[in-house]
Structure formats: structure tokens, C-alpha cells
Amino acid sequence: MLKLTERADLGVLYDADALRPGSGRYAGAVTRERFAAFYAQCPSIGFEADGRPIGGILFDGEEAHIAVLPSHHGRWALLLKPALEWLFALRADITVAVEHDNDRCLRFLDRHGWQRVGERGDDVLYRLVPQGGTRKTAYPYRRGLRRRAPRVHEDAPCQAPR
């Protein structure tokens, strides 16, 4: 059974990136513990399957980071709509950075009609907005949320340095 959780397990988000085939995102420079400590104050939402964390979304004040364990790629789609509702309640215009070699994710974002807005280093940048994809089922904004998402302030301690 799939469900959303109040907070993402940051260790699982780290593992999801580190275990992705071809991923060089951390390459030993960032440990699991440092990752979890750095993002501890960020708003996040977790993905769970059969009572076990499988990934989630964290928002650093500017960009969303979405990660799912490789064992659950293609199996968590039922969580996408409520997860995007949560995300768009934080901010209506979200940037997502995807590594150039993450073909599966790039195809997913392109297939769903989100706009590529540029590149930064090894990443392709996408702009996600409510109703911005071309899917038949729209992703509503601030409608039908079961709980109020936390507000993100510009001086939030989780905002990643640029």
C-alpha cells in the first residue's frame, strides 16, 4: 500500500540518489549524515510502500528535490498527484534540477509536458507549475488538501546556498 507521510526520511532520499545507476551526485563529498543535517529544517513529504519509506520530496526554498529508491521507480505514480498538491501549496512555481544522465526522469517530465527552462552544470532545469503539464488529470493548486503545508520564508534555514 502506498501513502504519503508527514516528513520524508532524508536518509532514504540520500540513498535513492546514491543508488541510482550512474549517479555521481555525491561521489563521497557529502555523507548521508551531512545531507540529513543540512536539510533537516526543510519542508518535506515522504513516500511509503507497505510501511517502509521509499522516497519523497523536500523543498529548499527554491527548488524541489524528488527522489525514489530505484526498487520503486515506476511504482509510486499514485502518490504524484497528492505530492504535487502539497508542493504547489508551498509555492506555485517550482524549479526541479535533473541530472543529464537521469534519462528516466527526463522522459517522465518531458512526457508530462513540463517546461525545460535551462541547464546548470550537469543538470537540466524544469519549471513545474499547477496545471502546467499536459496530463488529462490536472494537478490542482490549493484545492482538496488534507492538511495545510508549512510556509516557506525567504530566510528559512533550509534554503540551500547558491
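Numbers given for residues are sequential positions, taken from 1 along each chain in its written order. Thresholds applied to this predicted model are a pLDDT of at least 70 for local features of residues and 80 or more for the giving and counting of side-chain atom pairs; totals over whole chains, interfaces and linings are not thresholded and use all residues. Side-chain calculation: all heavy atoms of the structure are included, whereas hydrogens and water are not.

1. What about the confidence of the model for the protein chain?
Along the chain, pLDDT gives the predictor's confidence residue by residue, from 0 to 100. Looking at the protein chain as a whole, its pLDDT mean stands at 80, while 75% of the residues score no less than 70. Any two residues whose heavy atoms approach within 4.5 Å at even a single point are treated as in contact. Here residues 139-157 is modelled with pLDDT under 50, and outside its nearest four sequence neighbours on either side it reaches 39 contacts, counting other chains as well.

2. A short note on the sheet that holds strand β3 (residues 52-59)
In space, the seven strands of this open sheet follow the order β1-β2-β3-β4-β5-β7-β6, with mixed pairing throughout. Looking along the sheet, the strands with just one partner apiece sit at the ends: β1 (2-5) and β6 (115-120). Neighbour-to-neighbour, the strand axes of this sheet turn through a mean angle of 30°, independent of strand direction. Following DSSP output, two strands are said to pair if at least two bridges run between them. Helical segments are the DSSP runs of H or I of at least four residues, strand segments are the runs of E of at least two, and each set is numbered from the N terminus. Relative to strand β7 (residues 123-128), strand β5 (residues 94-99) runs antiparallel, the two sharing six bridges. Considered in β7, the bridge of I94 is made with L128. Contacts from helix α1 (residues 10-19) reach β3 and β4 (63-68), with the element oriented near 90° to β3. Lines fitted to the C-alpha atoms define the axes, with helices restricted to the stretch that makes contact. Angles between their N-to-C directions range from 0 to 180 degrees.

3. Points about the pairing of β6
For a regular strand, side-chain orientation follows a simple rule: the groups alternate between the two sheet faces. Here β6 runs beside β7; their pairing, made up of five bridges, is antiparallel. Within the sheet, the bridge partner assigned to R116 lies in β7 and is Y126. Between β6 and β7, which pair antiparallel in sequence order, lie two residues; one of them, G121, sits at a positive phi of approximately 60°.

4. Topic: the environment of L19
Position of L19 among the secondary structure elements: in helix α1. Judged by relative accessible area, which is 54%, L19 ranks as exposed. The spacing of L19 and P70 is 51 residues in sequence and 6.9 Å in space, taken between C-alpha atoms. If near-sequence neighbours (up to four positions away) are discounted, L19 is found in contact with L69 and P70. Exposure classes here rest on a 1.4 Å probe applied to the protein chains alone. A residue is buried below 20% of its type maximum, exposed above 50%, and partly exposed in between.

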